[in-house]
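So the chains spell out like this:
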Amino acid sequence: MNELNGRMLGLQILLTGVIARMAGEKRDPVGFLTEFRDEIQAVVRGIRIAGSDDEAAIRAQALGAIDELFSLMKPPSQD
């Protein structure tokens, strides 16, 4: 479980950087973030999680982490 948590943390850091970079280059950063979040959630829903008795709980935790990650991001200010 510690290995999975470490990988999730690494993924969150990577995604934060990618999202920040891409959202800054798009004309509609909020739309981009929404579409990107939906794509990431689709991947998490479809990924096979091996080595755990409670795959549904891990998947729910991962989806919650994705929602939390994206909720912290705000579009760039207009100033």
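Here, every reference points to the structure presented above.
Residue positions are given per chain, counted from 1 along the sequence in the order it is written. In keeping with the model being predicted, local features are shown solely for residues with a pLDDT of at least 70 and side-chain atom pairs are shown and tallied solely at 80 or more, while totals for entire chains, interfaces and linings include all residues. Only hydrogens and water are set aside when side-chain values are computed; all heavy atoms of the structure are taken into account.

Below, the discussion takes up the nonpolar core. We define the nonpolar core as a collection of buried residues of types Ala, Val, Leu, Ile, Met, Phe, Trp, Tyr and Cys that are connected through side-chain atoms lying within 4.5 Å of one another. Classification of residues uses two cut-offs on accessible area relative to the type maximum, computed with a 1.4 Å probe and protein chains only: under 20% is buried, over 50% is exposed, and between them is partly exposed. In terms of nonpolar packing, the biggest core is built from twelve residues, these being Leu 15, Ile 19, Phe 32, Leu 33, Phe 36, Ile 40, Val 44, Ala 62, Leu 63, Ile 66, Leu 69 and Phe 70. When sequence neighbours within four positions are dropped, the list of residues in contact with Ile 40 reads Leu 15 and Ile 66. Note on contacts: a residue pair is in contact if any heavy atoms of the two residues lie within 4.5 Å.

Bringing helix α3 (residues 55-71) into the picture now. Secondary structure elements are taken from DSSP: a helix is a run of H or I of four residues or more, a strand is a run of E of two residues or more, and numbering for both begins at the N terminus. Residue count minus one, scaled by 1.5 Å, sets the expected span of a helix. If you check α3, its first and last C-alpha atoms are 24 Å apart, about what 17 residues at 1.5 Å a residue would give, namely 24 Å. For α3, the complete set of buried residues consists of Ile 58, Arg 59, Ala 62, Leu 63, Ala 65, Ile 66, Leu 69 and Phe 70. Buried positions in α3, seen along its axis, are confined to an arc of 155 degrees and lie on one side of it. With respect to the buried face of α3, the exposed residues turned more than 90 degrees away are Ala 56, Gln 61, Glu 68 and Ser 71. What the arc describes is the spread of directions from the helix axis to the C-beta atoms.

Moving on, we get to the packing of helix α2 (residues 29-46) against α3. Convention adopted: a line fitted to C-alpha atoms gives each axis, helices being fitted over their contacting stretch, and angles between N-to-C directions are expressed from 0 to 180 degrees. Where α2 contacts α3, the two axes come as close as 10 Å, and the packing angle between them is 170 degrees. One finds that α2 runs roughly antiparallel with respect to α3. The segment α2 lies against α3, with Leu 33, Phe 36, Arg 37, Ile 40, Gln 41, Val 44, Arg 45 and Gly 46 engaging Arg 59, Ala 62, Leu 63, Ile 66, Asp 67 and Phe 70. Grouping the amino acids of the contact of α2 with α3 by side-chain chemistry returns eight nonpolar, two polar and four charged. Working definition: roughly parallel below 35 degrees, roughly antiparallel above 145 degrees, roughly perpendicular at 65 to 115 degrees, and oblique for all remaining angles. Gly is put with the polar residues, along with every residue not named as nonpolar or charged; the nonpolar set is Ala, Val, Leu, Ile, Met, Phe, Trp, Tyr, Cys and Pro, and the charged set is Asp, Glu, Lys and Arg.

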